[in-house]
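Residue strings, one per chain:
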Amino acid sequence: MEDSVPKRNQSEDSSPRPLKQIKMTGAVSWGEWMGSWKVGDAVDHEAERIDRQKAAFGGDTVARLKDLNVLIVGCGGVGVETAKNLILSNLGGVQIWDPSPCRAADRGTNFYVTDSDVASGVGRADASLSELRSLNPFCRVDVHASDDGITDEYVLGKDVLSTGRPFAAIVVTSLALMSKADLLRINETARANGIAFILAANHGVTASIFSDFGPQHEIADATGEPTQTLAVANVEIIDSKPALLDIHGLKEGEKVVIVTVAQAEHGLDDGDVVTFDDMRDSMSSFNGKAVKVKRVAISSPTDAKVDSNGVVFKEALKLPTSEVVTNFQRQYDFYKSKFDEEQASADEASQKKKFPLRTITMFNRLALILDDEFLSSAGVSVDVFSSYQAGGLLNQIRPPIVKEYRSLAETLETTAVPQMLRGEEWEAGKGIDIHLSIAAVLDFYDAEGKWPGIHDKADAGKLVEL
């Protein structure tokens, strides 16, 4: 295969220079393909092209993108837009499949289809190929030309577009190109072989998205946000958790270790994981050990109207936790006695009211969830935290998350309330109408061997029955 790489014109003549041909033979690794072998006049134009992309995504993500080959089924509006965006993202390869002949209506959705394409009846994929290829000479783009359609053998190919790599994802953008049986077969083949399967179909006034990343999909970083590093200001052991101290999952009277950080807000949630660093003396054995944390909150009477963003509250949080609890306990006792007096003279209906409380999160505190495994790995008991004097860091880490995705067949049959873009419509269950319509259309094709006709009452009646 030969790639044409333009040579930068450094002369005053504005006429274009001849393209420099760089020949690549055999299977190449990502580093070779990206130009790590190029020296001298063979400037790495690909690296220059994606320089801003690397700054936005990071070098590791850019490298992973180059390892991906994607099959796009359908070259309507969604399909050609998906192909365009993936090619510009500099993937390894994009293969498209859509043998349907171009129609006049395609001129309104596929921006690469021309009047001559419509007149000649060329396939939508073939009509789009030359323009898609022109977007990025470093992404391999081609049409899947086969009378057999999308077979399992093709999906599981190990050398897609001569990249030496298989498909990483399949994106189906039209329900009208294959039967329900073929659609479910491709999905099952993909999920059984670690290939992501995405169905993104737009038909008229409705659109639907389905994703299946397999029965065991590991997410290395669920948020993409930078992790936190927190400076430890104090560590306390509370032998018996007071009632006003609210830590999810911990009961009143249980022993708890509270860490106060120097930052005003730690930015962590319940269940986040941190590792200890720079702990000293008897606590040095905790360095490098990972532990889950939970937020710490305090209950306050609603009538006290504590301003959690005010200076007074934030200054109060600089005190040891035991003193913070003592101060809030005095506040609680005062307002509770006042409430009880009012209740004593109130009518029977008012006496059923509960004492109004609000929960205020103390964002500079975290509770450590210390299990026996953690303590045994450190070789100490929980009481060693009482020896804390100064120093130490908490480094947030994000353990991989494993998610289980359902197949398309199971999703079509068992989804009770499909998710909608707008939350209120989702809660109202409005997505079920679109979901049932898609399932019925697929069943209609299997039963009739065709798709429902436009303005066809007989077909509409059969679809409603399904």
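Here goes a summary of the coordinates provided.

**Topic: unusual backbone geometry**
Phase 1 of the analysis: The phi dihedral of N90 falls on the positive side, at around 70 degrees, and the residue is not glycine.
Phase 2 of the analysis: Mapped onto the elements of the fold, N90 is located in the loop between α5 (77-88) and β4 (93-97).
Phase 3 of the analysis: In this structure N90 comes out as buried when scored by relative accessible area, which is 2%.
Phase 4 of the analysis: Even without being glycine, H455 reaches a positive phi, approximately 60 degrees.
Phase 5 of the analysis: Topologically, H455 is positioned in the loop between α15 (431-448) and α16 (457-465).

**Comments concerning the packing of α15 against α16**
Phase 1 of the analysis: One way to put it is that α15 packs onto α16 with a least axis distance of 9 Å and a crossing angle of 115 degrees. Handedness of the α15/α16 crossing: right-handed. Judged by residue contacts, A440, V441, F444 and E448 of α15 engage D459, K462 and L463 from α16.
Phase 2 of the analysis: Residues of the contact of α15 with α16, tallied by class, amount to 4 nonpolar, no polar and 3 charged.

**Focus on the pattern of salt bridges**
Phase 1 of the analysis: According to the stated counting rule, one finds 19 salt bridges in the structure shown.
Phase 2 of the analysis: The partner of R280 in a salt bridge is D278, with the nearest N and O atoms 3.9 Å apart.
Phase 3 of the analysis: D278 gets classed as partly exposed once you look at its relative accessible area, which sits at 38%.
Phase 4 of the analysis: Here R422 makes a salt bridge to E425, at a shortest N to O gap of 3.6 Å.
Phase 5 of the analysis: When salt bridges that share partners are traced, they join D98, D106 and R124 into one network.

**Section: α5**
Phase 1 of the analysis: The end-to-end C-alpha distance of α5, which contains 12 residues, comes to 17 Å, matching closely the 16 Å that a straight helix rising 1.5 Å per residue would cover.
Phase 2 of the analysis: Turning to α5, its buried residues are G79, V80, A83, K84 and I87. The arc that holds the buried residues of α5, viewed along the axis, is 130 degrees, so those residues lie on one side.
Phase 3 of the analysis: Each element contacted by the buried residues of α5 is listed here: β3 (69-73), β4, α7 (124-135) and β5 (140-143).
Phase 4 of the analysis: Looking one or two places after α5, you find N90, whose phi comes out positive at around 70 degrees.

**Considering the packing of aromatic side chains**
Phase 1 of the analysis: Counted by the stated rule, this structure contains 12 aromatic pairs.
Phase 2 of the analysis: Taking 4.7 Å as the distance between ring centres and 85 degrees as the angle between the ring planes, the aromatic pair formed by F111 and Y112 counts as edge-to-face.
Phase 3 of the analysis: Judged by relative accessible area, which is 43%, F111 ranks as partly exposed.
Phase 4 of the analysis: Take Y112: its relative accessible area is 13%, and that puts it in the buried class.
Phase 5 of the analysis: Centre to centre, the rings of F276 and F385 are 6.3 Å apart; their planes meet at 45 degrees, and the pair counts as tilted. In this pair, F276 sits in strand β13 (residues 273-277) while F385 sits in the loop between α12 (372-378) and β16 (393-397), placing the two residues 109 residues apart along the sequence.
Phase 6 of the analysis: Residue F385 is classed as buried on the basis of its relative accessible area, which comes to 0%.
Phase 7 of the analysis: Taken together, F276, F286 and F385 form an aromatic cluster joined through their ring pairs.

**Digging into the sheet that holds β5**
Phase 1 of the analysis: Taken in spatial order, the 6 strands line up as β5-β4-β3-β6-β7-β8 in an open sheet, and their pairing is mixed. Looking at the sheet topology across the chains shown, the edges are occupied by β5 and β8 (206-212). Strand-to-strand twist of the sheet, defined as the mean angle between neighbouring strand axes without regard to direction, takes the value 15 degrees.
Phase 2 of the analysis: The pairing of strand β6 (residues 169-172) with strand β7 (residues 196-203) spans 4 bridges and is classified as parallel. Looking at the pairing, V172 lines up with L199 of β7.
Phase 3 of the analysis: Along the sheet face, α5 touches β3, β4, β5, β6 and β7 and points at about 165 degrees away from the line of β3.
Phase 4 of the analysis: Packed on one face of the sheet, helix α9 (residues 180-192) meets β6, β7 and β8 and runs near 150 degrees to β7.

Thresholds applied
- Here the residue index of a chain counts from 1 through its sequence in written order.
- Two thresholds apply to this predicted model, a pLDDT of at least 70 for residue-level local features and 80 or more for giving and counting side-chain atom pairs, whereas whole-chain, interface and lining totals are computed over all residues.
- Side-chain numbers come from the whole structure's heavy atoms, not from hydrogens or water.
- Numbering of helices and strands starts at the N terminus; helices are DSSP runs of H or I of at least 4 residues and strands are runs of E of at least 2.
- Burial classification: accessible surface area is computed with a 1.4 Å probe over protein chains only, and a residue below 20% of its type maximum counts as buried, one above 50% as exposed, and the rest as partly exposed.
- Throughout, an axis means a line fitted to C-alpha atoms (over the contacting stretch in the case of helices), and angles, computed between N-to-C directions, take values from 0 to 180 degrees.
- Note on convention: the crossing is left-handed when the near helix lies turned anticlockwise from the far helix by less than a right angle, right-handed when the turn is clockwise.
- Pairs of residues are marked as contacts when any of their non-hydrogen atoms sit within 4.5 Å.
- Residue polarity follows a fixed list, in which Ala, Val, Leu, Ile, Met, Phe, Trp, Tyr, Cys and Pro are nonpolar, Asp, Glu, Lys and Arg are charged, and the others, Gly among them, are polar.
- One side-chain nitrogen of Lys or Arg within 4 Å of one carboxyl oxygen of Asp or Glu is enough to make a salt bridge.
- Multiply 1.5 Å by the residue count of a helix minus one, and that product is the helix's expected span.
- Directions pointing from the helix axis toward each C-beta atom define the arc.
- In this analysis, rings of Phe, Tyr and Trp, with Trp reduced to its six-membered ring, are considered paired at centre separations within 6.5 Å, and the interplanar angle assigns stacked below 30 degrees, edge-to-face beyond 60, and tilted for intermediate values.
- Pairing between strands is defined by DSSP: at least two bridges between the two strands are required.

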